[in-house]
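This is what each chain is made of:
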Amino acid sequence: MAEPLTDLPIGTADSGFYRGFSTHVTIPGKLAVAILIGWVIFFPDMASEALSVANTTLIAAFAGWYVYLVAALTLVALVLAIIPQSGTLRLGAPGEEPEFGAFSWFAMLFGAGIGIGLLTYSTGEPLSHFQTNPDTIRGLVEPASAGNVRTAYMYTFLHWGFAAWSTYALVGLAVGYVAYRRGLPLTIRSALAPLFGTHMSGIVGHLVDVVAVVATILGVAVTLGFGVEQFVTGLDRLGMGGWLLTGDGSASPAAIIIAVTVLVGASTISAISGVGNGIRLLSNLNMALSFLLLAVFLIFGSGLFGLELLGVGLFDYIRTLPSLALTLFSPEGSPINAELSQWQLDWSVFYWAWWIAFAPFVGMFIARVSRGRTVREFVLGVVLVPSLMGFVWMTMVGGTAIDLELSGAAKGAILDATMSDQLYATLSVMLSGPAANLMAGLVVLLLLTYLITSADSAILIINTINGAGEDDNERRRHILFWGAALGLVVASMLILGGIDALQTTMIIGALPFSVVVALMAVALIKAIVFDILRKRQGVATHGEAILSAHAAATGDRPRGG
């Protein structure tokens, strides 16, 4: 067999403002995001109407595509990790050690992936399913009853488990595999090189990277939107002023603008400091604060109830995962079918699109910090550990909220709160007086660090894609542009139509990248299968530059794959 492709030239500017950047990616990416921002700011009525039409037609038309694609991605990721021949392949030269230690690695995975979402949905999702889910719609169980708790967690685990992290893992593995074994640029288009070869150096490759940049902006914007809403709600809980919230409990335009300005400014400064400094330190801080908050719920909340939910929930999740992952509700036939279909669009399809839109950012970031790990270590570490952490969060925090409502202690205060306020409401019922305010302050601080970590990581990844795989932190002007663009998308969408507008835009934006992700899965399978065959035939599977660099660092003689 022939050796793999180890050179994928991507043209970059030699001088000027775009020195070191691919203008064929950077300029179209900036124009696409600028047009989106301008459309929302200057034509808000048209944008709102278009998003409403898309939400009722386009999204429903592609529901099956999202459902079956994510199921396939989960299966591919787990199979590649389990098979011995593929699981032992290393993302790097033979014997190369990981760049980051296990704790920092897991902390960065967790912080960049779902930290903000967990703070909003740790109470919000279990409580929502506690009241409405497919079983309550069918009349099989009473809403908000003790008999509905297991069903609520069955769907909560479905959305926050293997599906999300397998999507991230597959994108990260596809990029990291060709970058660290073959020396290709650390960018999205490189992952398709095993399928399309040097064609990815041209216009098709440029288009793939532009789609990845736009999807990243929209996916991260949704996450930041949730974080900003909950951040502002927390400030209101701490008595920072009645101007922070509107009459319906959502963040006011002034509060959104101020919060986004502060958060994007801080994240831009962190992005300039790079992965090894600001992002790593903030990720470690995030993890420490998260464990502290979790310990408070374990000790002062419904710890035993949460542990019971964790065990039962894991059993139900594994038992029902194949059937739930492949279930697609049709709106035809009856009002119940229509309601089931709408529930799936509002929850499962939204999540699958969110994970796909988030995948170029999280996948690239995971690839950036995972050099030296084997395929098995990469997949199992990325899929199992963060999923389990998410399950613990959902059962300890959400379980406490449900237990307080079932026991009558909350008297509806948690269920009646907005989603962004439910975590604070739970703390207020669970604790009292100064202790509740102290923990609310901890949540606000944790949100702040998660928001900064997610935004600065996204900015660096966008610059890496635009820079043909290079992440030179001196490109400050471009970091400033993407920080400002991200802030404008979040603020304009939240002011236009709240988080719903952001969600709809993101689901639509994720659609083109979902095609790229499907092709990445095929390309990754081909790359690994061919490398296994090459090893059997004694053909090199590593790029010479990779082997030479590793030999220079370790003093070993270069050797093949």
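How each quantity is defined
- Residues numbered from 1 in each chain as written.
- Predicted model: local features only at pLDDT ≥ 70, side-chain atom pairs only at ≥ 80, totals over all residues.
- Heavy atoms only, no water.
- UniProt positions renumbered as here; feature names shortened; annotations may be inferred.
- Helix = DSSP H or I, 4+ residues; strand = E, 2+ residues; numbered from the N terminus.
- Rg over C-alpha atoms; globule rule 2.2 N^0.38 Å.
- Buried < 20%, exposed > 50% of the residue type's maximum accessible area, 1.4 Å probe, protein only.
- Contact = heavy atoms within 4.5 Å.
- Areas by Shrake-Rupley, 256 points an atom, 1.4 Å probe, with all protein chains shown as cover.
- Axes fitted to C-alpha atoms, helices over the stretch in contact; angles between N-to-C directions.
- Parallel < 35°, antiparallel > 145°, perpendicular 65-115°, else oblique.
- Left-handed = near helix turned anticlockwise from the far one by under 90°.
- Nonpolar A, V, L, I, M, F, W, Y, C, P; charged D, E, K, R; others polar.
- Phe/Tyr/Trp six-rings, centres within 6.5 Å; stacked < 30°, edge-to-face > 60°.
- Expected span 1.5 Å × (residues − 1).
- Salt bridge = Lys/Arg side-chain N within 4 Å of Asp/Glu carboxyl O.
- Patch = residues over 30% accessible without salt bridge, like charges linked within 9 Å, V, L, I, M, F, W, Y side chains within 5 Å.

Under an unreviewed UniProt entry, the protein has the name BCCT family transporter and belongs to Alteriqipengyuania lutimaris. Listed under Sequence similarities (unreviewed entry) in UniProt, the entry text for the protein is "Belongs to the BCCT transporter (TC 2.A.15) family." You can read under Subcellular location (unreviewed entry) in the UniProt record for the protein the words "Cell membrane".

What follows covers the overall build of the protein. The number of helices and strands found in the protein is 21 helices and zero strands. For the protein, whose C-alpha radius of gyration is 23 Å, the value lies close to the compact-globule estimate of 24 Å for 561 residues. Once the C-alpha set of the protein is aligned to its principal axes, its extents read approximately 70 × 50 × 50 Å. Per-residue burial for the protein yields a buried fraction of 61% across its 561 residues. The contacts of the protein with a sequence gap of at least 6 include a subset with a gap of at least 24, amounting to 80%. Counting only carbon and sulfur atoms, one obtains 65% of the accessible surface of the protein, whose full area is about 20,400 Å².

It is at 8 Å that the axes of helix α15 (residues 303-325) and helix α17 (residues 375-406) come closest, and there the two elements cross at 130°. Considering the angle they form, α15 stands oblique to α17. Crossing angle aside, the handedness with which α15 passes α17 is right-handed. On the side of α15, the interface is formed by G303, F305, G306, L307, L309, L310, L314 and Y317, while α17 contributes L388, F391, V392, T395, M396, G399 and D403. Residue classes in the contact of α15 with α17 are distributed as ten nonpolar, four polar and one charged.

What follows deals with the environment of M200. Within the element layout of this structure, M200 appears in the loop between α11 (193-196) and α12 (203-237). Residues M200 and A2 lie 198 residues apart in sequence; the distance between their C-alpha atoms is 19 Å. The residues contacting M200, other than those within four sequence positions of it, are L8, R189, L192, A193, G205 and V208.

What follows is about the packing of aromatic side chains. The final tally for this structure, using the stated rule, is 27 aromatic pairs. Relative to W354, the ring of W160 has its centre 6.3 Å away and its plane inclined at 80°; by these criteria the two rings are edge-to-face. Of this pair, W160 sits in helix α9 (residues 149-160) while W354 sits in helix α16 (residues 335-368), and the two are 194 residues apart along the sequence. With a relative accessible area of 0%, W160 lands in the buried category. In this structure W354 comes out as buried when scored by relative accessible area, which is 2%. A ring pair is formed by Y351 and W354, whose centres lie 6.0 Å apart and whose planes are at 20°; its orientation type is stacked. Placement of the pair is Y351 and W354 together in helix α16, with a separation of three residues, close to one helical turn.

Bringing unusual backbone geometry into the picture now. A positive phi is found at A144, a non-glycine position, where the angle reads about 55°. For A144, a relative accessible area of 35% corresponds to the partly exposed category.

Attention now goes to the side chain of S387. Within the element layout of this structure, S387 appears in helix α17. Given a relative accessible area of 0%, S387 falls into the buried group. If we skip the residues at most four places from it in the chain, S387 touches W160, G161, F162 and W165.

Below, the discussion takes up helix α1 (residues 23-42). Here α1 is 20 residues long and its end C-alpha atoms lie 27 Å apart, about the 28 Å a rise of 1.5 Å per residue gives. Every buried residue belonging to α1 is among V25, T26, G29, K30, V33, L36, I37, G38 and V40, and all of these are buried.

The subject of this paragraph is the packing of α1 against helix α2 (residues 44-56). The geometry of α1 relative to α2 is characterised by a closest axis approach of 5 Å and an angle of 110° between their N-to-C directions. Considering the angle they form, α1 stands roughly perpendicular to α2. Listed contacts from α2 to W39, V40, I41 and F42 of α1 are P44, M46, A47, A50 and L51. Each residue belonging to the contact of α1 with α2 can be placed in one class, and the counts come to nine nonpolar, no polar and no charged.

The final tally for this structure, using the stated rule, is eleven salt bridges. Taking the shortest distance from any N to any O, the salt bridge between R534 and D531 comes out at 2.8 Å. With a gap of three residues between them, R534 and D531 both fall in helix α20 (residues 476-537), about one helical turn apart. Overall, R534 belongs to the buried group, its relative accessible area being 7%. One salt-bridge network, in which partners are shared between bridges, spans R181, R182, D531 and R534.

Let's shift gears to a nonpolar patch on the surface. A cluster of nonpolar side chains, L58, F62, W65, F196, V515 and L519, forms an exposed patch at the surface whose accessible area comes to about 470 Å². For L519, the location among the structural elements is in helix α20. On the basis of relative accessibility, which here comes to 31%, the residue L519 falls in the partly exposed class.

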